[in-house]
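# Coordinate inspection notes
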Number of protein chains: 2
Amino acid sequence: MKLSNRITGINAGGSDGWETYVLACEMEEAGKEITHLTIGEHDIRTDPLILEAMYNAALDGHTGYTALGNGSVGLRVRIAERVEKTTGIPTSPDNVFVVPGGQAGLFATHMGCCDPGDRAMFIDPYYATYPGTIRSVSAEPVPVPARPERIFQPDPADLEAAAAAAGGVSSLLINSPNNPTGVLYSRETMEGIARFCQEQDIWLISDEVYETQVWTGAHLSPRMLPGMQERTLVVGSMSKSHAMTGSRIGWVIGPQEVLERLDDLATNTTYGVAGFVQEAAAFALGLGESFEEKIAEPFRRRRGIVMRLVEGQNHVRAIPADGAMYVMLDIRATGLSGEDFANGLLRTHHVAVMPGESFGRAAAGHIRVALTVADDRLEEAVRQLLAYAGDLSARRTD
Amino acid sequence: MKLSNRITGINAGGSDGWETYVLACEMEEAGKEITHLTIGEHDIRTDPLILEAMYNAALDGHTGYTALGNGSVGLRVRIAERVEKTTGIPTSPDNVFVVPGGQAGLFATHMGCCDPGDRAMFIDPYYATYPGTIRSVSAEPVPVPARPERIFQPDPADLEAAAAAAGGVSSLLINSPNNPTGVLYSRETMEGIARFCQEQDIWLISDEVYETQVWTGAHLSPRMLPGMQERTLVVGSMSKSHAMTGSRIGWVIGPQEVLERLDDLATNTTYGVAGFVQEAAAFALGLGESFEEKIAEPFRRRRGIVMRLVEGQNHVRAIPADGAMYVMLDIRATGLSGEDFANGLLRTHHVAVMPGESFGRAAAGHIRVALTVADDRLEEAVRQLLAYAGDLSARRTD
């Protein structure tokens, strides 16, 4: 007997992009002190008030099978209200489907949009799981480059060219505020994407898990654009907005008739989301915008620290981070690839960052700096990073 | 744009088997008092000690992303020890993969064993999600009848005939102790299944979520049979054994090289299982066998109540329940289908049971009685059920 080609092919026999991170963890285990600017996870834990709400819900009996369907009504009401408030688009609890985390939402939406053999587009640079998610549903990943010279804003002409080369596609996956670039898609970009999806008559899957972390400009959900409500599936999550990464809870927003089919899938995959986690999420959403701003604030502050440090030198260029928990740095002037730079920085200064190549070809020659350590430690690490880049540049011009 | 054929086809355009249950819930909402002998869920809640352990784990910081991979080492050690103790088969933590519930385990194992278009076998009668799980992975469900005249023990000749008719299969899914029949597969049955899997060179997926609920005989995991370790994937769960249905936690036991691929899938589907839930499960397993026996005891007792009541009449015949939380009753002497009997019983006596047809063709003319209400209420309901059957039989012979 043999394993399915689907499952053995998820990583396409290649790298999963986490080599530098794994090396950093191994050095840590060997006793080295490493500054991790790698994973997109808060340096704070889930708020004890939320944990208390979860415990009380469990004691109150939310420990049995949940009614299947979209999720608990109480939670869906809160999510729908929040979406309607932030987007202005009428959103009922029937437009909300609760999933065990944003990744589960990405998987479920692609299961719903793609049949085996279909082509599914996504923007490169991309969050590490995108191609694997598409391969997991037996579809073929079609990356579309967002170019550094356009500050990583996708070009509709590139979308059209990629779709034509692929011989037609079923869906497009986008992510704004963007991981890894920190870029927020402009209205012009979003309108171009919307036009493309309508012309091609395809689904748009919009990963908006960083929506509460916006530093410049305003987040525009493509579901807000004319004609896009019926073809947009928005993936949201409590992970980044409420520091609940480990609770595994998120949602999909979309047309009711689509969500009814996601329910069929959930019956056969997740069998619902723990009731006590849903209750905790409803409580957390009830803490309102000020709580979400409190969670986002350290990243806003640290983004400023990194941007200021980078402005003070000329070996490394920063992509202006509009949002999310990262700053992407262009290190091409050092002559190194992102991978070589990241590995060199790790070995010489014990600072771990993610190579741009981990997020696709379009981010080659870049590194992603996660803003996930205390301010002073971040400042020290970025100073080391810039010194390392300066040394490389100096050696290069020798 | 259209939804995938995969997702619109999960229920094969037909019944999902829950119509009687839904009707019962609607009658309940309309104010009727219904005795629910439908869902396989304990009438007790998750033990407060387990919930306290979960809360303490969350307060201790188990609220972030878990290391991906198979699950937390502490939990996997406990599961491996338990499996090794109950089966005698050497089992290391590397043979354990933690999943968010038994259903997630069924889905992941089929994703690993079947490519789109493959045929996947399962035994009819079956737990309601089996065909939908197989369709969810874009494979074709191949049911194999287990016949009432063999007391629902599958016949290797039927397995061979079904595999030949299907033109080859990739996997076989079995479930012992069995839902819905309550039957425990005999050593002879298991040896026949093992021989079949080896001859066909296919995977065996063994759903053993009722392993702690055995009343007569002894549970034999097919992984214990010669030559079966390398081709058996056992799906286990804390749901039934520890009354933790809502916590969504279970596992897959199998060869390490298979579980490494399940990890690739998890990265793109679940992104791990909440750390605080894993800690709670490890704590619960640490409560030992006596706790599991305490959880199982009411079902053993109630199984006795139902069997004794049925022995006192001759309109309904009971399938001798060896295990699980159900007794299956043969109501063919009433002249009704299981569906008509269940709907009639619900409307006339407000007692809800599951029609055998909800679990496949082989269970037609049967009903499944879940042992999930207090003893006196169960006794009263079964007396009503038997009286209803007696009336039907009397009218039939009039």
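This one's a predicted model, so the numbers in the text were calculated from it and none came from an experiment.

## A short note on the domain arrangement of chain A
Residues and elements named next belong to chain A. For chain A, the assigned domains are domain 1 (5-45 + 290-397) and domain 2 (64-287). Once you take the C-alpha centre of each, domain 1 and domain 2 turn out to be 25 Å apart. Across the boundary between the two partners, domain 1 contributes 37 residues, which contact 36 residues of domain 2. In this assembly, domain 1 packs against domain 2 so that about 3200 Å² is buried in total across both faces, 56% of it on carbon and sulfur atoms. Of all residues in domain 1, the largest losses of buried area upon contact with domain 2 belong to Glu292, Asp322 and Phe359, amounting jointly to 20% of the total for that side. One can count one salt bridge joining domain 1 with domain 2. When the shortest N-O distance is used, the salt bridge between arginine 82 and glutamate 292 registers 3.1 Å. Remark: the boundary between domain 1 and domain 2 carries 20 residue pairs in polar contact (both at pLDDT 80 or more). When residues of the side of domain 1 that touches domain 2 are traced back to their parent elements, those giving at least two are helix 11 (288-311), strand 10 (326-330) and strand 12 (366-370). In terms of residue count, the dominant contributor to the side of domain 1 that touches domain 2 is helix 11 (eight residues). Of the residues assigned to the side of domain 1 that touches domain 2, the class counts are 18 nonpolar, nine polar and 10 charged.

## Here's the deal with the sheet that holds strand 7 (residues 232-237) of chain B
Across a sheet, strands are paired by hydrogen bonds formed along the backbone, either parallel or antiparallel in direction. Residue and element names in this part refer to chain B. A sheet is described by the order of its strands in space; here seven strands give the open sequence 2-8-7-6-5-3-4, paired in mixed fashion. At either margin of the open sheet sits one strand with a lone partner, and together these are strand 2 (96-99) and strand 4 (140-145). Between one strand axis and the next, the sheet turns by 25° as a mean value, whatever way the strands run. The pairing of strand 5 (residues 171-175) with strand 6 (residues 203-207) spans five bridges and is parallel. By the bridge assignment for strand 6, serine 171 is matched with tryptophan 203. Of the strands in this sheet, strand 2, strand 6, strand 7 and strand 8 (250-253) touch helix 9 (residues 256-268), which is tilted by about 25° from strand 2.

## Section: the interface of chain A and chain B
Taken together, the contact pairs 71 residues of chain A with 71 residues of chain B. When chain A packs against chain B, the two sides together hide about 5800 Å² of surface, and 59% of this comes from carbon and sulfur. For the chain A face of the interface with chain B, the top three residues by lost area are Met1, Tyr65 and Asn268 of chain A, together amounting to 15%. At the boundary of chain A and chain B, one finds zero salt bridges. Counting residues per element, the ones that place at least two in the side of chain A that touches chain B are helix 1 (5-8), helix 3 (48-59), helix 5 (102-113), helix 6 (130-136), helix 9 (256-269) and helix 10 (275-286) of chain A. Counting residues per element, the side of chain A that touches chain B draws most heavily on helix 9 of chain A, which supplies nine residues. Looking at side-chain class alone, the side of chain A that touches chain B contains 30 nonpolar, 27 polar and 14 charged residues.

## Here we look at the pattern of salt bridges
Oppositely charged side chains can form a pair if their charged atoms are brought close together. For the coordinates displayed, the defined rule picks out 36 salt bridges over all chains. Across the pair arginine 332 of chain B and aspartate 330 of chain B runs a salt bridge, and its minimum N-O distance is 2.8 Å. Several salt bridges share partner residues, and in doing so they unite Asp43, Arg301, Arg302 and Asp375 of chain A into one network.

## Focus on the relation of the copies chain A and chain B
Of the transformation superimposing chain A on chain B, the axial component is 0.0 Å and the angular component is 180°, with the fit at an RMSD of 0.0 Å. With respect to symmetry, the two chain copies, as superposed, fit the operation of a two-fold axis. Taking the C-alpha atom as reference, chain A places tyrosine 55 of chain A closest to the rotation axis, 3.0 Å from it. Looking at chain A, 100% of its interface residues are interface residues in chain B too, so the copies touch through the same face.

## As for the confidence of the model for chain A
When pLDDT is averaged across chain A, the result is 96; 99% of the residues are at 70 or more. Overall fold confidence (pTM) sits at 0.97, and the ipTM for the predicted complex is 0.96.

## Examining the sheet that holds strand 9 (residues 317-318) of chain A
Residues and elements named next belong to chain A. Ordered by their spatial adjacency, five strands build an open sheet running 1-11-12-10-9, and the pairing between neighbours is mixed. Of all strands in the sheet, those with a lone pairing partner are strand 1 (35-37) and strand 9, marking the two edges. With two bridges joining them, strand 9 and strand 10 adopt antiparallel strand pairing. When the bridges of strand 10 are listed, arginine 317 appears paired with aspartate 330.

## Concerning the pairing of strand 7 (residues 232-237) of chain A
Residues and elements named next belong to chain A. Counted residue by residue, strand 7 has six buried out of six residues, so it is predominantly covered. Taking every second residue as pointing to the same face, both faces of strand 7 are buried, with Thr232, Val234 and Gly236 on one and Leu233, Val235 and Ser237 on the other. As defined by bridge partners, strand 6 (residues 203-207) adjoins strand 7 across four bridges and the pair is classed as parallel. Note on strand 7: the bridge partner recorded for isoleucine 205 is leucine 233. One ladder, built from four bridges, connects strand 7 with strand 8 (residues 250-253); its direction is antiparallel. For valine 234, the partnering residue across the bridge sits in strand 8 and is isoleucine 253.

## Examining the packing of helix 12 (residues 338-349) of chain A against helix 13 (residues 375-397) of chain A
Residue and element names in this part refer to chain A. Where helix 12 meets helix 13, the axes come as close as 11 Å, and the angle between the chain directions of the two elements is 115°. As judged from the angle between their axes, helix 12 and helix 13 are roughly perpendicular. Every pair of crossing elements has a handedness; the one defined by helix 12 and helix 13 is right-handed. Between helix 12 and helix 13, the contacting residues are Asp340, Phe341, Gly344, Leu345, Thr348 and His349 on the first element and Gln384, Leu385, Tyr388, Ala389 and Leu392 on the second. Looking at the contact of helix 12 with helix 13 residue by residue, the classes come out as six nonpolar, four polar and one charged.

## Topic: the pairing of strand 12 (residues 366-370) of chain B
Across a regular strand the side chains alternate sides, sitting on one face of the sheet and then on the other. Residue and element names in this part refer to chain B. With five of its five residues buried, strand 12 lies for the most part within the structure. Relative to strand 12, strand 10 (residues 326-330) runs antiparallel, the two being bridged by five bridges. The partner of methionine 328 across the bridge, within strand 12, is arginine 368. In this sheet, strand 12 lies alongside strand 11 (residues 351-355) in antiparallel orientation, the contact comprising two bridges.

## Regarding the packing of aromatic side chains
With the rule as written, the count across this model stands at 14 aromatic pairs over all chains. Both rings, one in tyrosine 65 of chain A and one in tyrosine 271 of chain A, keep their centres 5.5 Å apart while their planes meet at 75°; by these two values the pair is edge-to-face. A residue pair is termed long-range when its members are at least 10 positions apart, and tyrosine 65 of chain A in the loop between helix 3 and helix 4 (73-87) and tyrosine 271 of chain A in the loop between helix 9 and helix 10 qualify at 206 residues. For tyrosine 271 of chain A, a relative accessible area of 12% puts it in the buried group. Each ring, one from tryptophan 18 of chain B and one from tyrosine 21 of chain B, has its centre 5.6 Å from the other, and the planes form 75°; the classification is edge-to-face. Residue tyrosine 21 of chain B is classed as partly exposed on the basis of its relative accessible area, which comes to 24%. We note arginine 302 of chain A situated over the ring of phenylalanine 299 of chain A; from NZ or CZ to the ring centre the distance is 5.8 Å.

## A short note on helix 9 of chain B
Each turn of an α-helix holds 3.6 residues, which means side chains three or four residues apart point in the same direction. Helix length check: helix 9 of chain B, at 13 residues, gives a terminal C-alpha distance of 19 Å against a target of 18 Å (1.5 Å per residue), a fit within 8%. If you check which residues of helix 9 of chain B are buried, you get Val258, Leu259, Leu262, Asp263, Asp264, Leu265, Ala266 and Asn268 of chain B.

## With respect to the packing of helix 9 of chain A against helix 5 (residues 102-113) of chain B
At their nearest, the axes of helix 9 of chain A and helix 5 of chain B sit 7 Å apart, and the two run at 95° to each other. Between helix 9 of chain A and helix 5 of chain B, the angle falls in the class roughly perpendicular. Residues Thr267, Asn268 and Thr269 of chain A of helix 9 of chain A pack against Gln103, Ala104 and Phe107 of chain B of helix 5 of chain B. Its residues assigned to classes, the contact of helix 9 of chain A with helix 5 of chain B comprises two nonpolar, four polar and no charged.

What counts, and at which threshold
- Residues numbered from 1 in each chain as written.
- Chains lettered and ligands numbered in written order.
- Predicted model: local features only at pLDDT ≥ 70, side-chain atom pairs only at ≥ 80, totals over all residues.
- Heavy atoms only, no water.
- Domains from an automatic or database assignment.
- Contact = heavy atoms within 4.5 Å.
- Buried area = accessible area lost by both parts, 1.4 Å probe.
- Salt bridge = Lys/Arg side-chain N within 4 Å of Asp/Glu carboxyl O.
- Polar contact = N/O pair within 3.5 Å; in protein donor to acceptor, adjacent residues only side chain to side chain.
- Helix = DSSP H or I, 4+ residues; strand = E, 2+ residues; numbered from the N terminus.
- Nonpolar A, V, L, I, M, F, W, Y, C, P; charged D, E, K, R; others polar.
- Pairing = 2+ DSSP bridges.
- Axes fitted to C-alpha atoms, helices over the stretch in contact; angles between N-to-C directions.
- Least-squares fit on C-alpha atoms with pLDDT ≥ 70 in both.
- pLDDT = per-residue confidence, 0-100.
- Buried < 20%, exposed > 50% of the residue type's maximum accessible area, 1.4 Å probe, protein only.
- Parallel < 35°, antiparallel > 145°, perpendicular 65-115°, else oblique.
- Left-handed = near helix turned anticlockwise from the far one by under 90°.
- Phe/Tyr/Trp six-rings, centres within 6.5 Å; stacked < 30°, edge-to-face > 60°.
- Lys NZ or Arg CZ within 6 Å of the ring centre and 35° of its normal.
- Expected span 1.5 Å × (residues − 1).

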